[in-house]
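# Structure at a glance
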Amino acid sequence: MPTEAGAQAAHRMSESSIVLPQLGSMETMLLYIVLISAFIGLGYGWYLVQKVLREDPGSAEMVSVAGAIQEGAMAYLSRQVKTMIWFVLILTVGLFFMYNGIYSRQAAEAAQMGNPVNFNPTSLAIGVAIAFMLGVFASYGAGYVGMGLAVRANVRTAASALKSYKQSLEVAFQAGTVSGMFTVGLGLIGATVIFLIYKEYAMRVLVGFGFGGCLAALFMRIGGGIFTKAADVGADLVGKVEKNIPEDDPRNAATIADNVGDNVGDCAGMAADVFESYEVTLVAAIILGAATQLDSAFTSTYGANAGDMTLKLIIYPLLVRAVGVFASIIGTFMVRGSDDENMDPMKPINFGFNLAAAVAVVGFGLVNYFYLTDSDGNPDFRFFAATLLGIVLALIIGKLTEYFTAIDKRPVTEIAYASRTGPATMILEGFASGLESSVWAVLAIAATIFGSMIIFQDVPSLAAYGIALSGLGLLTTTGYILAMDTFGPISDNANGIIEMSGALQEGDDKATRIVARLDAAGNTTKALTKGFAIATAVIAAISLFRSFIDEAKLFETGIQVNIPEVFIGLLIGAAVPFLFSSFAIRAVSRAAFQLVEEVRRQFREIPGIMEGKNKPDYSRCVAISTQAAQKELLGPALLGIFTPILVVFALGYSDPSKGAAALGGFLCGAIASGQLMAVLLANSGGAWDNGKKKIEDGLFGGKGTDNHKAAVVCDTVGDPFKDTAGPALNPLIKVMNLVAILVAPVAIQPDLSQGARWTIILISLAALVIAVVFNKRGSIVEMEGEKVAEKVKA
């Protein structure tokens, strides 16, 4: 049996320097089929855009409220792009110069060895930089399109609820599907076009596309999460607790900002998050498929067919993604509601998801049967089994998430009953539940990874490829998963629009019950999507980690924790998700403080708000949330990019190989603690939220009681947990992995001067100091001091 050591010894060049066998007519044809499937996905999405926009938007009052939400959401996203574009441009230029040097050096070394290369280093470096920009804009584009329709579909869902339960469910879900279709379409087009342009040299460019998608997702997740939860906390604490008025009451100045936040956080933010997960799992599978040709165990297994098999392993992930497009179309098309008021919206949604998953399994099973054959021409169903593991993991994650966060399950019931003794015991119960859920989630992911290793136990490189395939399988139905997620904020907004516009006739609460049911289902689908995103982040990170090992030339030495530099790297890596979460939660706290003070001020200074004689200034709260979110973007991004750079150069200043090993330890720590922290934050926050909803449904007297007020406090504590820090950890983990892959070839160069190393160390250290300083500025104490000074001056 081939050993891991034998496989390691076979790695003499990095995966990014692989030159693939020349694409044949079959591979080129399959790439065009994949490209066509991507355009079909976009076409289906465009068809649904037109279909949803033909629906009745309702009364003038409803259109007015929806217009304010739409204006705030689009203005926020435009401002975010303007804020971050300069940072993205600087990184684009930096990537060009870094990879121009790397590829020029590789070309020179190859020429010295008598094996001249056929590529232009400058052309490939430009390709990496452009691919990075395309990844950024594709990620932003997916979020922009999804949110752009969501802010138009919300009012149509509300208007439909006044007429038909069935129609309102279908309008909301079809609008959510648009986000899913554009995400998978743009992701597939980007990867496929890179292959068609660069052909056998595509591996040198592809990582830039994944990095761009991850970075954009990090920005959108952080910014959107801060905006939405600052507004949510501000609206709830003053409205529900202090003034005892309903959620989305038009007398609450923060209610428009709250509804805007649902779109920028849960629509645009999640679309970008899922896009980068979709793209990075695809990139990881392709890279690891290409790396099999460097493994002696693989070449001995497939013999003369090894080159052809490598090409098949590269094309297979793209074909699986193409199958997923059609599976998602079929699944979303079959979501049909009814006008029975007792209908559970999750039933048709779950039916559609199960159908999409079944179609996907059959689809990639057929691809495996006809395309992935062994040396004797027989189908090798190990690849099907590895991909199927991802589907199984999705089901397990779904059940775990449902158990720990669903309103009718024991953990949420325990949290709700804890409200009898106040918010403290509710917080303790929810936090304990979140801690436990992290353990079962990580064990499910570990079992999936172990399963892939067992399936390909004879060939180490295929075992790594199998892990990537499980991530690919988990997100096979990405179009459907994102449809479920975007359905949530659309339904939530519809609820708010009906409340704020006064659309209901006195005594007619049927539409309220309908949108409340849709909103509750949306909370469940959003929690499920977060669970999927967290799981794929870990699977993708593990897959990328093997690529890092190769780029850092660590296959022969491994990562030895007994080496002090490695252990230091491990400790720092484990600490980063904690510091990152601190940045995000503190940002929400400061912004929410400003929102609470502003809402209180308006109730105090604008006469007649409570009586309904005057309207509050909604735009002021939107402006505060927007400003706070943009101000906090830079710090977390600098933390994710420059910490791995500092680790590899600072701990390897005397011995580059120790720096590379330390960076490996850093990634191990970050992946482990990041996954545990993300699940803890997401599930504890979701459980507190549904504990509140259980009380609002009538437990212990329902709304307005002390139990309800305790639950609102817990929910506001959980808001930045589940919608800001927790989801943002997903792109953070992958950004740090991709930065490690990108910087490793530079860090391990023995001829890099000490002056250059110390310059990089000082720049990285300065960037991290800036990140911390940015997060500390504008503290609550400073804001209070400014208010006192203004009063004294007045």
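In this report, we go over the structure that sits alongside the text.

Criteria and cut-off values
Residues numbered from 1 in each chain as written. Predicted model: local features only at pLDDT ≥ 70, side-chain atom pairs only at ≥ 80, totals over all residues. Heavy atoms only, no water. 1 Å grid on protein atoms, 1.4 Å probe; cavity = no way out; pocket = protein on both sides within 12 Å on 5 of 7 lines; lining within 4 Å. Points joined across faces, edges and corners; volume = space filled by probe spheres on them. Helix = DSSP H or I, 4+ residues; strand = E, 2+ residues; numbered from the N terminus. Nonpolar A, V, L, I, M, F, W, Y, C, P; charged D, E, K, R; others polar. Axes fitted to C-alpha atoms, helices over the stretch in contact; angles between N-to-C directions. Parallel < 35°, antiparallel > 145°, perpendicular 65-115°, else oblique. Left-handed = near helix turned anticlockwise from the far one by under 90°. Contact = heavy atoms within 4.5 Å. Phe/Tyr/Trp six-rings, centres within 6.5 Å; stacked < 30°, edge-to-face > 60°. Core = buried A, V, L, I, M, F, W, Y, C linked by side-chain atoms within 4.5 Å. Buried < 20%, exposed > 50% of the residue type's maximum accessible area, 1.4 Å probe, protein only. Expected span 1.5 Å × (residues − 1). Bend = angle between axes of the 7 residues up to and from the residue. Salt bridge = Lys/Arg side-chain N within 4 Å of Asp/Glu carboxyl O.

Let's shift gears to empty space enclosed by the protein. Summed over all chains, the structure comprises six cavities of 30 Å³ or more. For the largest cavity, the lining is made up of 14 residues, of which Asn 523, Ala 527, Lys 530, Gly 686 and Lys 722 are closest to its centre. Sorting the residues of the lining of the largest cavity by element identifies α11 (382–405), α16 (510–551), α20 (656–696) and α21 (706–747) as the ones contributing at least two each. Here the residues of the lining of the largest cavity sort into two nonpolar, seven polar and five charged. By volume, the second largest cavity amounts to about 100 Å³. Mapped by element, the contributors of at least two residues to the lining of the second largest cavity are α11, α13 (423–455), α16 and α20. By residue number, the principal contributor to the lining of the second largest cavity is α20, which donates four residues.

Turning our eyes to something else, we now look at the packing of helix α5 (residues 165–198) against helix α9 (residues 306–333). Relative to each other, α5 and α9 sit at 165 degrees, their axes nearing to 11 Å. Relative to α9, the element α5 lies roughly antiparallel. The way α5 lies across α9 gives a crossing that is left-handed. Every residue of α9 that contacts α5 at Phe 173, Thr 177, Met 181, Val 184, Leu 188, Ala 191, Thr 192 and Phe 195 is listed here: Ile 314, Leu 318, Arg 321, Ala 322, Val 325, Ser 328, Ile 329 and Thr 332. Looking at the contact of α5 with α9 residue by residue, the class counts come to eleven nonpolar, four polar and one charged.

This part covers the packing of aromatic side chains. Under the counting rule described, the total for this entry stands at 22 aromatic pairs. For the ring pair Phe 96 and Phe 97, a centre distance of 5.1 Å and an interplane angle of 65 degrees mean the geometry is edge-to-face. Aromatic ring contacts, followed pair by pair, group Phe 364, Tyr 369, Phe 370, Phe 381 and Phe 384 into a single cluster.

With that settled, the discussion passes to the nonpolar core. Of all hydrophobic cores here, the largest spans 264 residues; its most connected members are Phe 383 and Phe 548. Here this core takes 20 residues from α21, the largest share from any one element.

One turn of an α-helix holds 3.6 residues; hence residues three or four places apart share an orientation. Over its 40 residues, helix α6 (residues 203–242) extends 58 Å from the first C-alpha to the last, a length consistent with the 58 Å expected when each residue adds 1.5 Å. Of all the bends in α6, the greatest, near 25 degrees, is centred on Asp 236. The buried count for α6 comes to 37 of 40 residues, which makes it a mostly enclosed element. Positive phi appears at Asn 244, one or two residues downstream of α6, with a value of about 55 degrees.

This brings us to the side chain of Asp 380. As for its placement among the helices and strands, Asp 380 is situated in the loop between α10 (346–371) and α11. In this structure Asp 380 touches Tyr 302, Asn 368, Leu 372 and Thr 373, once residues within four positions along its chain are discounted.

Over its 53 residues, helix α3 (residues 60–112) runs 74 Å from end to end, which matches the ideal 78 Å to within 8%, given 1.5 Å per residue. Looking one or two residues beyond α3, the residue adopting positive phi is Gly 114, at roughly 85 degrees.

Before going further, it helps to examine the pattern of salt bridges. Tallied over the entire structure, the rule returns 23 salt bridges. The residue Lys 240 makes a salt bridge to Glu 696 at a minimum N-O spacing of 3.6 Å. Taken together, the residues span a long stretch of sequence, with Lys 240 in helix α6 and Glu 696 in helix α20 at a distance of 456 residues. Given the relative accessible area of 5%, Lys 240 is considered buried. In this structure, Arg 601 engages Glu 598 in a salt bridge whose closest nitrogen and oxygen atoms are separated by 2.7 Å. Of this pair, Arg 601 and Glu 598 both sit in helix α17 (residues 564–605), separated by three residues, roughly a single helical turn. Through salt bridges with shared partners, a single network forms among Lys 229, Asp 232, Asp 689, Lys 692, Lys 693, Asp 715, Asp 719, Lys 722 and Asp 723.

Just geometry here; none of it tells us what the structure is for.
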